Amino acid sequence: MSTRPVVLHLCGSAASDYYEGVSVVYATGCLKEIAEHGTYTNVVCIVHLDGSWSFPSNVSEAARSSAEHVSMDQAVLKIKELNPSAVVPHMFCLPGMTAFRGFCDVMNIPLVGNPAAVMALSTNKWQARAVVASHGVKVPEAEIISKGEVPKMQPPFLIKPCNEDNSQGISLVRELSTLQNALDNAFQFDHELLVERYVPLGRELRVAVLEMDDMSLQLLPCIEYFLTEEDPIRTAEHKLVTDKSGKPVGLASGGRKCPADIDETLREKLRDLATRSHKALGCRDYSLYDVRVDPQGEPYFIEACLYCSFAPKSVVVAMAAQAGQDQRTVFEMLVNRAINRKKAAGTKTVGMKG
């Protein structure tokens, strides 16, 4: 019998086929890479839209299709039997980033990455920006509206669902004549919308910090996305390739560069933004931010993206690679840290707390 630690990979979606597709796309890259390392016994667990769970041998379509579906009660017993040393979350829907991370905590399984409460805060764009702004981070002017309300500010501005990720439902409103279409589109995804002042295109960056074993924060090399005045914001189409039904099947390719060409003045501003945001939101292990730099060189926090699939092409891993830390180094550092958190707490078994 293998003595390698069991790592549970929590995949799927309780919200939509779209997010199940996102989960599978990202988890596939991670599992393919780490299978070659042989450090852990990796077990796939999938949450399905109908409330059932499955434990396929891998995330291929054939394995997923043939896997037995079980109830949540049966899944809990299966997980307890597996006794995982840690769980890596690959769920990107709102319940997946919040309730199912909370489930791992209740089951006493240490989680790699940010805990449920931090994810709940960061997923609400209005709340996240208010928290980081209170800690001295620069954010664009904004307001929040509900159905039946219209923005008070004048264009140009962005309309965003408040609790939706992957740029779903986002629109740039340059003229009031396009406002209603933008509102209708966004309200398909949420009952509250963030109306955010459009920051003129200077540069579009992703900025991340990685917690090292001494708890210091390392600013990773940034990624720059190359946009144009005609296409000045990143939408869902910039991120994922979908099939005819709209279900993600792969990652989109596009103009980007890592490491971005960042001078020392901007680098220190970005380090300050990311460090303040990480601490303000209560992040753990790593954090990632969308940042807009205006034509004058001032960076603005746009939103927090506090998840990582640990695939070689995932953003945090790709950034770390440019700093000389390969996927295995980053993944195993964070998995081992999660395992050690449980050891430090003096708990040994998996099961419901209390």
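Computed from a predicted structure; not experimentally measured.

About the thresholds
- Residues numbered from 1 in each chain as written.
- Predicted model: local features only at pLDDT ≥ 70, side-chain atom pairs only at ≥ 80, totals over all residues.
- Heavy atoms only, no water.
- Domains from an automatic or database assignment.
- Pairing = 2+ DSSP bridges.
- Helix = DSSP H or I, 4+ residues; strand = E, 2+ residues; numbered from the N terminus.
- Axes fitted to C-alpha atoms, helices over the stretch in contact; angles between N-to-C directions.
- Contact = heavy atoms within 4.5 Å.
- Core = buried A, V, L, I, M, F, W, Y, C linked by side-chain atoms within 4.5 Å.
- Buried < 20%, exposed > 50% of the residue type's maximum accessible area, 1.4 Å probe, protein only.
- Parallel < 35°, antiparallel > 145°, perpendicular 65-115°, else oblique.
- Nonpolar A, V, L, I, M, F, W, Y, C, P; charged D, E, K, R; others polar.
- Phe/Tyr/Trp six-rings, centres within 6.5 Å; stacked < 30°, edge-to-face > 60°.
- Lys NZ or Arg CZ within 6 Å of the ring centre and 35° of its normal.

Peer 1: Talk me through the domain arrangement of the protein chain; I want residue IDs and the actual numbers.
Peer 2: Here the protein chain is described as being made up of domain 1 (6–112), domain 2 (141–197) and domain 3 (203–307). On a C-alpha basis, the centres of domain 1 and domain 3 stand 26 Å from each other.

Peer 1: Report on the sheet that holds strand S6 (residues 142–146), specifying residues and quantitative values.
Peer 2: Across the sheet, which stays open at both edges, the four strands sit in the order S6-S9-S7-S8 with antiparallel pairing between neighbours. At either end of the open sheet lies a strand with only one pairing partner, and these are S6 and strand S8 (171–173). Each strand axis lies, on average, 25° off the axis of its neighbour in the sheet, ignoring direction. Looking at chain direction, S6 and strand S9 (residues 192–197) are connected through five bridges and run antiparallel. Its bridge partner being in S9, Ile-144 is matched across the sheet by Leu-194. Against the sheet, helix H8 (residues 179–186) touches S6, strand S7 (157–161), S8 and S9, its axis set at about 20° to S7.

Peer 1: Residue-level account of the sheet that holds strand S2 (residues 41–47), with values.
Peer 2: With respect to topology, five strands assemble into an open sheet ordered S4-S3-S2-S1-S5, the strand pairing being mixed. Either end of the sheet is taken by a strand with one partner, and the two such strands are strand S4 (69–70) and strand S5 (86–89). Two elements, S2 and strand S3 (residues 53–54), share two bridges in a ladder whose sense is antiparallel. Bridge pairing links Ile-46 to Ser-54 in S3. Strands strand S1 (6–12) and S5 of the sheet are contacted by helix H11 (residues 327–345), whose axis makes an angle of about 130° with S5.

Peer 1: Describe the pairing of S9, with residues and values.
Peer 2: Two elements, S7 and S9, share five bridges in a ladder whose sense is antiparallel. Counted as the bridge partner of Ile-159 is Val-195 from S9.

Peer 1: An account of the environment of Val-24 is requested, with residue identities and associated values reported.
Peer 2: For Val-24, the location among the structural elements is in helix H1 (residues 17–35). Residues Val-24 and Met-91, spaced 67 residues apart in sequence, show a C-alpha to C-alpha distance of 8.8 Å. With sequence-adjacent residues up to four places away left out, Val-24 is seen in contact with Val-59 and Arg-64.

Peer 1: Break down the nonpolar core for me, with residues and values.
Peer 2: Leu-10, Trp-53, Tyr-289, Phe-310 and Val-335 are the most contacted members of the largest nonpolar core, which totals 88 residues. In terms of residue count, H1 provides more of this core than any other element does, eight residues in total. Built from parts of two domains, this core gets at least three residues from each of domain 1 (6–112) and domain 3 (203–307). If we ignore the near neighbours within four places in the chain, the residues touching Tyr-289 are Leu-205, Arg-206, Val-207, Ala-274, Ser-277, His-278, Leu-281, Cys-283, Phe-301, Glu-303, Ala-304 and Leu-306. Counting residues in each nonpolar core, the second largest holds 12 residues, with Leu-179, Ala-182, Leu-183 and Ala-186 among its members.

Peer 1: Would you mind going over the packing of helix H6 (residues 116–123) against helix H7 (residues 125–133) in detail, with residue names and values included?
Peer 2: Where H6 meets H7, the axes come as close as 5 Å, and the angle between the chain directions of the two elements is 100°. By the angle class used here, H6 and H7 are roughly perpendicular. On H7, the residues touching Leu-121, Ser-122 and Thr-123 of H6 are Lys-125, Gln-127, Ala-128 and Val-131. Among the residues making up the contact of H6 with H7, the classes are represented as three nonpolar, three polar and one charged.

Peer 1: How would you explain the side chain of Glu-303 if you had to name every residue and give the values?
Peer 2: Inspection of the secondary structure assignment puts Glu-303 in strand S17 (residues 299–304). Among the residues examined, Glu-303 registers a relative accessible area of 14% and is labelled buried. Excluding residues that lie within four positions of it along the chain, Glu-303 makes contacts with Lys-125, Lys-160, Asp-165, Leu-288, Tyr-289 and Asp-290.

Peer 1: Please set out the packing of aromatic side chains residue by residue, giving values where relevant.
Peer 2: Inspection of the entire model under this criterion finds nine aromatic pairs. Ring geometry for Tyr-26 against Phe-92: centres 5.3 Å apart, planes inclined by 55°, an arrangement best described as tilted. With Tyr-26 in helix H1 and Phe-92 in the loop between S5 and helix H4 (94–97), this residue pair connects regions lying 66 residues apart in the sequence. On the accessibility criterion, Phe-92 (4% relative accessible area) is buried. Summarising the aromatic geometry, the rings of Tyr-289 and Phe-301 are spaced 6.0 Å apart at their centres and angled 50° between planes, so their arrangement reads as tilted. With Tyr-289 in strand S16 (residues 286–293) and Phe-301 in strand S17, the pair connects residues that are 12 residues apart, well separated along the chain. The two residues Tyr-289 and Phe-301 agree in class, both being buried. Ring-pair connections join several aromatic residues into one group, and the members of that group are Tyr-40, Tyr-286, Phe-310 and Phe-331. The ring of Phe-55 is capped by Lys-78, whose NZ or CZ atom sits 6.0 Å from the centre of that ring. Directly above the ring of Tyr-300 sits Lys-138, whose terminal nitrogen or CZ lies 5.7 Å from the centroid.

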